[in-house]
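Fold and contact review
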Amino acid sequence: MTKKYTFTGIVQGIGFRPAALRLAKELNLKGEVKNSGGNVTIILQGADTAPDVFVRRLVSMFSIKEYQVQDIEDRQFDGFSIVHSTNDSRVPFITPDLATCNECEKELKDESNRRYRHPFISCVNCGPRYTIINSLPYDRERTSMGKFKLCSECNEEYTDCTDHRCHAQTIACNNCGPKTNIPIDEAVQILKNGKILAIKDIGGYHLAGICGKKQAKEIRKIKGREAKPFAVMFSSLREIEEYCIVSEKEKELLTSSARPIVLLKKKKDLPKGICDNSDSIGAFLPCNPIQIMILNEVSPLIMTSANISSEPIITDDEEIKKFGVDVLNHNRDILTPIDDSIVQINAGQVQFIRRARGYVPLSADIGITAKKDILCLGGDLKSAFCFVHKSNAYMSQHFGDLEDERCFNAFRDGIDRFARLHSFNVKKIAADMHPMYNSAHIFKNDILIQHHLAHAYSVIAEHNLKGDVLSFVFDGTGYGADGAIWGGEVFLNKKRVEHLDYIKMIASDEVSKNADLALACYDGSNELVNKAVENGINTVNYSGMGRLFDAACAALDINHYNTYEGECAVLLEICASKAKKEYPLPVTFNPKEIIEAIKSSPASVEETALGFHLMLCRLILSTAKKYKIKQIVLSGGCFVNKILTSNTVKMLEENGFNVYINNTVPCGDGGIALGQAYLASSEEYQCV
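An account of the accompanying structure is given in this report. The structure presented is a predicted model; accordingly, all values stated were derived computationally and were not measured.

Right, let's get into the pattern of salt bridges. In total, this model carries 32 salt bridges according to the counting rule given. Glu489 is the partner of Arg496 in a salt bridge, and the nearest nitrogen-oxygen pair spans 2.6 Å. In terms of burial, Arg496 and Glu489 fall into one category: buried. In this structure, the salt-bridge partner of Asp550 is Arg547, at a minimum N-O distance of 2.9 Å. Within this pair, Asp550 and its partner Arg547 are both found in helix α14 (residues 546-555), separated by three residues, close to a single helical turn. Of the two residues examined, Asp550 and Arg547, each falls in the buried class. Salt bridges linked by common partners bring Arg17, Asp139, Glu141 and Arg142 together as one network.

Next up, the structure:
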């Protein structure tokens, strides 16, 4: 009997076919295996229960979403083989880029190995995937490795089912693979000499420099980045532990195949200018052979995306020259630009700040099935889109602020590429209801979804929550269903039931930067602001938490201006973390009362800052008790704050509530497309 199996899931780019080949030979089975579109098809002939054993063992080895089996007409096979791919146009699960595995790293450092110091060493278990795929099925000729013809030794490994590079599409060596423009040793010397080096990596260029005051200042000048902390790459976990406190969960993240930047509690400071005002360090480990070799010789390094702040990461070998620094590049094309992912552990859980390399384009099962393919456009700040096919939501990487023309163009190009790679057939489009959002004007939209409701449902989608849910969504701004600017919202399912009391807020971009201007809207301390409010000149009703955090920071004289998004909130949290006790503030939805209590506090700045955070925790708890709903959702950018989130979760759980936060997408605007995906897939959805 001959059977055909079709396997769905992450089955391409991870050694699935070679594993099937080895297993079939072990079990004396005949047939073939091939990539078919985004899936893998196996035709199998064998006696007794051997085919069942084969399938059971294969499924246990990989992330199989599902498989189908059917009896087909008998064919003659001499043995079992990997055959040429076909395209079945089914929606695939594409593998993200994977960090260099331990086996390849050992070979990289082994002087007797023929791939010793090969800058592009990889195998079926590691290396670039998503960033080099041009089309599916995933075969070498459809990737940016296609132009590099295999030498005889690589070809022998490629066809040997016992080799860990059997059918590894990124296989290459020093003789036949991509080349760097300068030797790695020369790149190391440039860094040791104190110069800035632009390094072409998997998803784009990084600007790198030794951790020194001079280098930090130079990179800030290049990027136009005033004070925001830099990420730092270390050579090993041991080196990270010299500078940071690292938990077991954080170690798992640091050493995972995604190799994200992990925000860690600072133990030892770095030189001035790298992360001065922060109590944490964004630390990460090398994820590719070039980084491994460089960090083995000079470490730690400032390692930040090569771009002007707010612009997309640079991938072009000519464009990088505008920075006027030394360049280490190579001739393997980057087909999809992608930044480093950023994560932290908050309330004992993984929380994304930015979801990109290592995680995109992995999908999430949202627990409901869309009848048609849907495109969800997210928001304009920290933009990321999402496609929905059946019950799977495919989130894109981070693109940045769509007010920047280059980010907007990258966002549009990303949509086209994502749709083509996955063979999506979009029949419905959802967008944020903000009338001025650039994302909402790319296409004719079928559904407009309120910003904060999308935040809430991003958590509901992640955790497949059923039944009644009470959601707290705290962020800076979002267009409300009543035309006001929301951001301190409570929803019972889809209905807005509570919110921070409205105040009149100056309607300008400057108020999101100038904390004193925000403070004046709460306490009347600026006559010009008062007159604008009294006369209704350029003001809006505002219920957001973002400006309340800024105003609290300014009222306590901690900081008065956001040189980067959220700076005042970060510094307020750092100040609060230094307090040994709190100064209790009134638990209220009235922001003017809160600011007045902060200004009249007799306690220290640290104690009052902590009191502000814990007051918000108690406000959430008292509201949860009022509505008596056991499932509680926390979302929105304010919940990046560890004091707010960890204490809220603790208080709620101690009182018998089940609390859920975002774990697979950011709680900020980078995650709202997932909430849009859930709501747009729901037939009964109605806008609030």
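Let us keep going from here.
Let us now look at the packing of aromatic side chains. Tallied over the full model, the rule gives 20 aromatic pairs. Measuring from ring centre to ring centre gives 5.6 Å for Phe385 and Phe411, while their planes differ by 75°; the resulting arrangement is edge-to-face. With Phe385 in the loop between β17 (373-376) and β18 (386-389) and Phe411 in helix α10 (residues 405-422), the pair connects residues that are 26 residues apart, well separated along the chain. For Phe411, a relative accessible area of 0% gives the class buried. Centroid distance Phe387 to Phe424: 4.6 Å. Interplanar angle 5°. Geometry classified as stacked. Of this pair, Phe387 sits in strand β18 while Phe424 sits in the loop between α10 and β20 (426-432), placing them 37 residues apart in sequence. We classify Phe387 as buried; its relative accessible area is 1%. With relative accessibility at 10%, the residue Phe424 sits in the buried group. Through pairs of rings, three or more aromatic residues link up here, namely Tyr130, Phe385, Phe387, Tyr394, Phe399, Phe411, Phe418 and Phe424. Sitting over the face of the ring of Phe230, Arg220 holds its NZ or CZ atom 4.2 Å from the ring centroid. The ring of Phe657 carries the charged tip of Lys630 above its face, separated from the ring centre by 4.9 Å.

A few words on helix α15 (residues 567-577). Most of α15 is tucked away: eight of the eleven residues are buried. Of all the residues in α15, the buried ones are Glu567, Cys568, Leu571, Leu572, Glu573, Ile574, Cys575 and Ala576.

It is worth spelling out the packing of α14 against helix α16 (residues 591-599) at this point. Each pair of packed helices can be described by the angle between their axes along with the distance between the axes. As a packed pair, α14 and α16 sit with axes 9 Å apart at the nearest point and diverge in direction by 20°. With respect to each other, α14 and α16 are oriented roughly parallel. The element α14 and its partner α16 pack so that their crossing is right-handed. Seen from α14, the contacting residues are Leu548, Ala551, Ala552 and Ala555; seen from α16, they are Pro591, Ile594, Ile595, Ile598 and Lys599. The residue makeup of the contact of α14 with α16, split by class, is eight nonpolar, no polar and one charged.

What follows covers the nonpolar core. In this structure, Phe612 and Leu634 are the most contacted members of the largest nonpolar core, which totals 64 residues. Broken down by element, this core gets its largest block of residues, eleven residues, from helix α17 (residues 605-627). Residues in contact with Phe612, not counting those within four places in the same chain, are Leu548, Phe549, Ala552, Leu572, Leu585, Ile594 and Ile598. Formed by 37 residues, the second largest nonpolar core is a distinct cluster that contains Phe230, Phe234, Cys244 and Ala306.

Before going further, it helps to spend a moment on the packing of α14 against α15. The contact between α14 and α15 brings their axes to 8 Å, and the two run at 60°. Of the possible angle classes, the one that applies to α14 and α15 is oblique. Of the two elements, α14 crosses α15, and the hand of that crossing is left-handed. Touching Phe549, Asp550, Ala552 and Cys553 of α14 are Cys568, Ala569 and Leu572, all from α15. When grouped by side-chain class, the residues that make up the contact of α14 with α15 number six nonpolar, no polar and one charged.

Calculation criteria
- Residues numbered from 1 in each chain as written.
- Predicted model: local features only at pLDDT ≥ 70, side-chain atom pairs only at ≥ 80, totals over all residues.
- Heavy atoms only, no water.
- Salt bridge = Lys/Arg side-chain N within 4 Å of Asp/Glu carboxyl O.
- Buried < 20%, exposed > 50% of the residue type's maximum accessible area, 1.4 Å probe, protein only.
- Helix = DSSP H or I, 4+ residues; strand = E, 2+ residues; numbered from the N terminus.
- Phe/Tyr/Trp six-rings, centres within 6.5 Å; stacked < 30°, edge-to-face > 60°.
- Lys NZ or Arg CZ within 6 Å of the ring centre and 35° of its normal.
- Axes fitted to C-alpha atoms, helices over the stretch in contact; angles between N-to-C directions.
- Parallel < 35°, antiparallel > 145°, perpendicular 65-115°, else oblique.
- Left-handed = near helix turned anticlockwise from the far one by under 90°.
- Contact = heavy atoms within 4.5 Å.
- Nonpolar A, V, L, I, M, F, W, Y, C, P; charged D, E, K, R; others polar.
- Core = buried A, V, L, I, M, F, W, Y, C linked by side-chain atoms within 4.5 Å.

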